[in-house]
2 protein chains.
Amino acid sequence: MNTKYQGFESPGVTVDLVLFTVNEDRLKVMLVRRAETPFQGIWSLPGGFLLENESLDSAAQRVLHEKTGVSEVYMEQLYTFGDPQRDPRSRVITVAYIALIPWQSLPQPESEKIADLNWSSVDALPKLAFDHKQILEYAVTRLRAKVSYSNIVYGLMPKQFRLSELQRMYETIIDDSLDKRNFRKRMLATGLLKETGKKDLAGAHRPAMLYQFKSKEIVFF
Amino acid sequence: MNTKYQGFESPGVTVDLVLFTVNEDRLKVMLVRRAETPFQGIWSLPGGFLLENESLDSAAQRVLHEKTGVSEVYMEQLYTFGDPQRDPRSRVITVAYIALIPWQSLPQPESEKIADLNWSSVDALPKLAFDHKQILEYAVTRLRAKVSYSNIVYGLMPKQFRLSELQRMYETIIDDSLDKRNFRKRMLATGLLKETGKKDLAGAHRPAMLYQFKSKEIVFF
DNA sequence: GATACTTAGTGTTCATATTACACTTAGTAT
DNA sequence: ATACTAAGTGTAATATGAACACTAAGTATC
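The rules we used
Every chain begins its residue count from 1, and numbering advances along the sequence as written. Working convention: letters from A go to chains and numbers from 1 go to ligands, in the order in which they are written. Whole-chain, interface and lining totals are the exception, using all residues; otherwise, since this is a predicted model, local features are given only for residues with pLDDT of at least 70 and side-chain atom pairs are given and counted only at 80 or more. No hydrogens and no water enter the side-chain calculation; it runs on all heavy atoms of the structure. One heavy atom within 4 Å of a molecule or strand makes the whole residue count as near it. Think of a polar contact as two N or O atoms within 3.5 Å of one another; within protein, one of them needs to be a possible hydrogen donor and the other a possible acceptor, and neighboring residues in sequence only count if both atoms come from side chains. Here a strand is any run of E in DSSP of at least two residues, a helix any run of H or I of at least four, and the numbering for each starts at the N terminus. Just so you know the grouping, Ala, Val, Leu, Ile, Met, Phe, Trp, Tyr, Cys and Pro go in nonpolar, Asp, Glu, Lys and Arg go in charged, and all remaining residues, Gly too, go in polar. For Phe, Tyr and Trp, where Trp contributes only its six-membered ring, two rings pair if their centres lie within 6.5 Å, and the inter-plane angle classes them as stacked under 30 degrees, edge-to-face over 60, or tilted in between. A 1.4 Å probe rolled over the protein chains alone gives each residue an accessible area, and that area as a share of the maximum for its type sets the label: buried under 20%, exposed over 50%, partly exposed in between. Segment limits for the domains were obtained from an automatic or database-derived domain assignment. Here the quantity called buried area is the accessible surface, traced with a 1.4 Å probe, that two parts lose on coming together, added over both. By convention in these notes, a salt bridge is any Lys or Arg side-chain nitrogen within 4 Å of a carboxyl oxygen on Asp or Glu.

S.K.: How would you explain the protein's contact with DNA strand D if you had to name every residue and give the values?
M.R.: For DNA strand D, the set of nearby residues contains 21 residues, the closest of which are S164(A), K180(A), H205(A), M209(A) and A204(B). Taking all atoms of DNA strand D within 4 Å of the protein, the share assigned to sugar and phosphate is 41%. A distance of 3.3 Å separates a phosphate oxygen of DNA strand D from a polar atom in the side chain of R184(A). One nitrogen or oxygen atom from the side chain of K185(A) is found 2.9 Å from a base oxygen belonging to DNA strand D. Going through the elements one at a time, α5 (180–190) and β9 (208–213) of chain A together with α5 (180–189) of chain B are the ones with two or more residues in the surface near DNA strand D. Top contributing element to the surface near DNA strand D by residue count: α5(A), with four residues. Among the residues forming the surface near DNA strand D, the class breakdown is six nonpolar, five polar and ten charged.

S.K.: Please provide a residue-by-residue account of the packing of aromatic side chains, values included.
M.R.: Under the defined criterion, the tally for this structure stands at 18 aromatic pairs over all chains. Taking 5.4 Å as the distance between ring centres and 70° as the angle between the ring planes, the aromatic pair formed by Y170(A) and F183(A) counts as edge-to-face. In this pair, Y170(A) is assigned in helix α4 (residues 163–174) and F183(A) in helix α5, connecting sequence segments 13 residues apart. Residue class for Y170(A) comes out buried when judged on its relative accessible area of 6%. A centroid spacing of 5.5 Å and a plane angle of 50° characterise the contact between F161(B) and F213(B), whose relative ring orientation is tilted. Within this pair, whereas F161(B) is found in the loop between α3 (132–147) and α4 (163–174), its partner F213(B) is found in strand β9 (residues 208–213), the two being separated by 52 residues in sequence.

S.K.: Describe the domain arrangement of chain A, and please don't skip the residues or the numbers.
M.R.: Residues and elements named next belong to chain A. Parsing chain A into structural domains produces domain 1 (12–147) and domain 2 (159–213). Just the C-alpha atoms count here: the centres of domain 1 and domain 2 sit 29 Å apart. Summed over both partners, the interface of domain 1 with domain 2 buries about 640 Å², with 70% contributed by carbon and sulfur atoms. Inspection of the region where domain 1 meets domain 2 yields one salt bridge. The salt bridge involving D25 is made with R168; its shortest N-O contact spans 3.6 Å. The interface formed by domain 1 and domain 2 includes one residue pair in polar contact (both at pLDDT 80 or more). Elements that contribute at least two residues to the side of domain 1 that touches domain 2 include exactly β2 (26–33) and α3 (132–147). Looking at the side of domain 1 that touches domain 2, the element that brings in the most residues is α3, giving three residues. A breakdown of the residues in the side of domain 1 that touches domain 2 according to their chemical character gives four nonpolar, no polar and three charged.

Here you go:
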């Protein structure tokens, strides 16, 4: 028992991940079906207990890797939730993270995992365990806000893309439509994009220039 | 020992407070001198361990009340710091909060406490314990950013004030000067202020209209 | 009681940024 | 050859933000 705690136990500390992607023009979030009680069989955000000698960021990275096999995605701390009743068994506080991953970067899940992993559209969520609905709503709010004053969508785009795909990404996240010419002007004016020189020849129409972000940095504008 | 922790101890959880005020045209932060090891005698942010059945917000409120005797100030969660080495004794993660209090609302500290409580100007800080310098810098960055797109200064102003006082508050926090006419136009345009009808007759000059915020709400613009 | 002093209070012009809006281009499919 | 689809482009109107200087209403002083 920790000497700083007299007469009560030190709270457990977990890290929970709100892992976003966009697919089929929907903003989606990864859910895992809980194998154990409490909330057995109920969908929840992927998470896990903080390990010894592990920073919060590392723990979030570890959880990400365990569930997806992927590393190196955009990630930021969201908020820490610590209501005494949020876990029915014992006191647990959780540090929530937002992570973004392009759909194209996701490996196909192994068949054994398929049943208890799910990408759920954020506007059609199942019942969630603990306070995960609240966490998720907070994450969506933050993501939507941040999209409009940063290039955070970088984390959701493939390496190369058409400007129309970038625009659709914005529209999907903020759930609103944007003017094509104004969108292009603003995006190119940020100076964060560069032409690749390649063109996307797919489809029965004029081919589009492919762009990429000049750097991995997320900047505010 | 928590059953979820196999072979290692659950980390301690503390709440630390970055309590801001403005006095003598300086942005100041409350520091307390540590009575115990580690960092005995070194200045630190006021904080304390999270208690059983206490939410994070309540813990922050409690710490505030313990150190100042004040409740009901503006407060928001800042960030959670969890580097494994941040406490030299044992694993402790801390949830940092920002709090704002008008200088006028502070009770005079009792003489016995004076020696180990200090309002330090943020641009002339002493050496700080733990990672508190990092926490404080992060808090200052957040406060400065938030000032420019919200009415968060509400938390630092007395009930009634002259527009010139409000302007000086902004200038002190962002450490830059503002144009008087543009400032007044913008402030009044937010619709968040109302004239009280009273005038401040102090001083050998034309008396100023006293204003107050219409509501306690912090809104973004 | 005239003059000096101090802060309050007020509008306009200019530059920049944002919005609204429609047609031509370049490819594929039939 | 024609139809179809998405790519790509510019301008005018409006709104926003920035720069800027004088008059007003008190008190203090002589």
